[in-house]
Amino acid sequence: MKTVIIQYNAGNIQSVLFALERIGVEAIVTDDEEQIQQADKVIFPGVGEASTAMQYLKQRKLDQLILQLKQPVLGICLGMQLMCKFSEENNTPCLGIFDEQVAKFNPGEQQLKIPQIGWNNIYDLQSSLFNGIANNAYCYFVHGYFASKGRHTIASANYGISYSAALHKDNFYGVQFHPEKSAIVGEQILKNFIEL
């Protein structure tokens with residue numbers, strides 16, 4: 001089985017590679033169209049800023065390529081946000097796979113620290129992506145923007161507001177947290193994705 005991590009101008013690729021190695025999966029990192037199309041599983045990671053990342057994808061026509069993929073695709077953190085319709089981060093039109101919009105956290109009366117950094121629980125799990133994962137399991141998050149809840153939400157988290165911790169439509173999955181940094185829970189989620 002061939003697993004590909006899409007190489008684009010966004011961080012955290014190395015930690016995703018290591019996490020896959022820990023569960024016995026070898027992956028290749030590439031932005032080559034043919035390699036991506038031929039993969040059995042595609043991971044679309046990301047740490048960074050939405051408009052710069054979208055610009056990079058468009059320059060390399062990776063935006064069109066991602067939309068055409070038929071195999072299971074997993075967006076992580078910024079990768080998931082870029083799969084939404086629109087991000088408030090520099091008013092960025094995104095890929096539009098999911099209808100949900102991405103908004104900035106508001107510190108509000110609770111004086112929340114933005115970005116949210118650290119462990120938070122996920123709940124209302126509604127997908128085989130979460131096989132073997134307990135409701136309210138803890139995952140590791142680092143983000144200042146969040147995807148709203150909508151018809152594609154398959155897991156929720158709360159940070160001053162309830163938001164989408166994971167999304168799913170057709171062959172596309174997205175998680176806001178970092179499975180590669182979420183210990184045993186994250187490894188199980190990656191395994192579940194590889195077994196889809």
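Everything numeric in this text was worked out from a predicted model, so none of it was measured.

Undergrad: Any chance you could explain the layout of surface pockets here in plain terms?
TA: If you add up the space inside the largest pocket, you get close to 190 Å³. Lining the largest pocket are Val47, Gly48, Cys77, Leu78, Gln81, Glu89, Val142, His143, Gly144, Tyr145, His178 and Lys181. Those elements that provide at least two residues to the lining of the largest pocket are helix H5 (78-82) and strand E9 (137-143). Along the lines of polarity and charge, the residues of the lining of the largest pocket split into 5 nonpolar, 5 polar and 2 charged.

Undergrad: What's the story with helix H6 (residues 183-195) in this structure? I'm lost.
TA: Working note: α-helix, 3.6 residues per turn, so residues spaced by three or four point in the same direction. For H6, with 13 residues, the first-to-last C-alpha span of 19 Å sits near the 18 Å given by 1.5 Å per residue. Along H6, the positions that sit buried rather than exposed are Val185, Gly186, Ile189, Leu190, Asn192, Phe193 and Ile194. Each element contacted by the buried residues of H6 is listed here: strand E1 (3-6), helix H1 (13-22), strand E3 (41-44), strand E4 (73-76) and E9.

Undergrad: What is the right way to look at the pattern of salt bridges in this model?
TA: Side-chain pairing between opposite charges can occur once the charged atoms of the two side chains come close. Evaluation of the coordinates by the stated rule reveals 2 salt bridges. Here Glu187 makes a salt bridge to Arg22, at a shortest N to O gap of 3.0 Å. In this pair, Glu187 sits in helix H6 while Arg22 sits in helix H1, placing the two residues 165 residues apart along the sequence. With a relative accessible area of 22%, Glu187 lands in the partly exposed category. One salt bridge in this structure joins Asp99 and Arg151, with 2.7 Å as the shortest N-O distance. On the criterion of sequence distance, the pair formed by Asp99 in the loop between strand E6 (92-93) and strand E7 (101-104) and Arg151 in the loop between strand E10 (145-147) and strand E11 (153-158) is long-range, its members being 52 residues apart. Note on Asp99: relative accessible area 29%, which makes it partly exposed.

Undergrad: What should I look at first to understand a negative patch on the surface in this one?
TA: There is a patch of like negative charges on the surface, built from Asp31, Asp32, Glu33 and Glu34. Locating Asp31 in the fold gives a position in the loop between strand E2 (27-30) and helix H2 (33-38). Among the residues examined, Asp31 registers a relative accessible area of 35% and is labelled partly exposed.

Undergrad: So what exactly am I meant to see when it comes to the nonpolar core here?
TA: Side chains of nonpolar character tend, in soluble globular proteins, to be buried together. Formed by 39 residues in total, the largest nonpolar core has its most connected members in Ile5, Leu20, Leu129, Phe130, Phe141, Phe177 and Ile189. One finds Ile6, Leu57, Leu95 and Phe172 within the second-largest nonpolar core, a separate group that totals 32 residues.

Undergrad: Please clarify how the packing of aromatic side chains should be interpreted in this entry.
TA: Any aromatic ring pair is given by two values, namely how distant the centres are and how the planes are angled relative to each other. Under the defined criterion, the tally for this structure stands at 9 aromatic pairs. Ring geometry for Phe141 versus Phe177: centroids 5.7 Å apart, planes at 70°, classification edge-to-face. Remark: Phe177 occurs in the loop between strand E13 (172-175) and H6 and Phe141 occurs in strand E9; sequence separation between them is 36 residues. A relative accessible area of 0% means that Phe141 is categorised as buried. Connected via pairs of aromatic rings, a cluster forms that spans Phe105, Phe141, Phe146, Tyr159, Tyr163 and Phe177. In this structure, Arg60 is placed above the aromatic ring of Tyr56, and the distance from its NZ or CZ to the ring centre is 3.6 Å.

Undergrad: What should I look at first to understand helix H3 (residues 50-59) in this one?
TA: Among the residues making up H3, those that are buried are Ala50, Ala53, Met54, Tyr56 and Leu57. Angularly, the buried residues of H3 cover 160° about the axis, an arc narrow enough to put them on a single face. Those residues of H3 that are buried are in contact with E3, helix H4 (62-68), H5, strand E5 (86-87) and E6. Among the residues trailing H3, Lys61 stands out with phi positive, at a value near 60°.

Rules of the game
- Residues numbered from 1 in each chain as written.
- Predicted model: local features only at pLDDT ≥ 70, side-chain atom pairs only at ≥ 80, totals over all residues.
- Heavy atoms only, no water.
- 1 Å grid on protein atoms, 1.4 Å probe; cavity = no way out; pocket = protein on both sides within 12 Å on 5 of 7 lines; lining within 4 Å.
- Points joined across faces, edges and corners; volume = space filled by probe spheres on them.
- Helix = DSSP H or I, 4+ residues; strand = E, 2+ residues; numbered from the N terminus.
- Nonpolar A, V, L, I, M, F, W, Y, C, P; charged D, E, K, R; others polar.
- Expected span 1.5 Å × (residues − 1).
- Buried < 20%, exposed > 50% of the residue type's maximum accessible area, 1.4 Å probe, protein only.
- Contact = heavy atoms within 4.5 Å.
- Salt bridge = Lys/Arg side-chain N within 4 Å of Asp/Glu carboxyl O.
- Patch = residues over 30% accessible without salt bridge, like charges linked within 9 Å, V, L, I, M, F, W, Y side chains within 5 Å.
- Areas by Shrake-Rupley, 256 points an atom, 1.4 Å probe, with all protein chains shown as cover.
- Lys, Arg positive; Asp, Glu negative; His and termini not counted.
- Charge placed at Lys NZ, Arg CZ, Asp CG, Glu CD.
- Core = buried A, V, L, I, M, F, W, Y, C linked by side-chain atoms within 4.5 Å.
- Phe/Tyr/Trp six-rings, centres within 6.5 Å; stacked < 30°, edge-to-face > 60°.
- Lys NZ or Arg CZ within 6 Å of the ring centre and 35° of its normal.
- Arc of directions from axis to C-beta.

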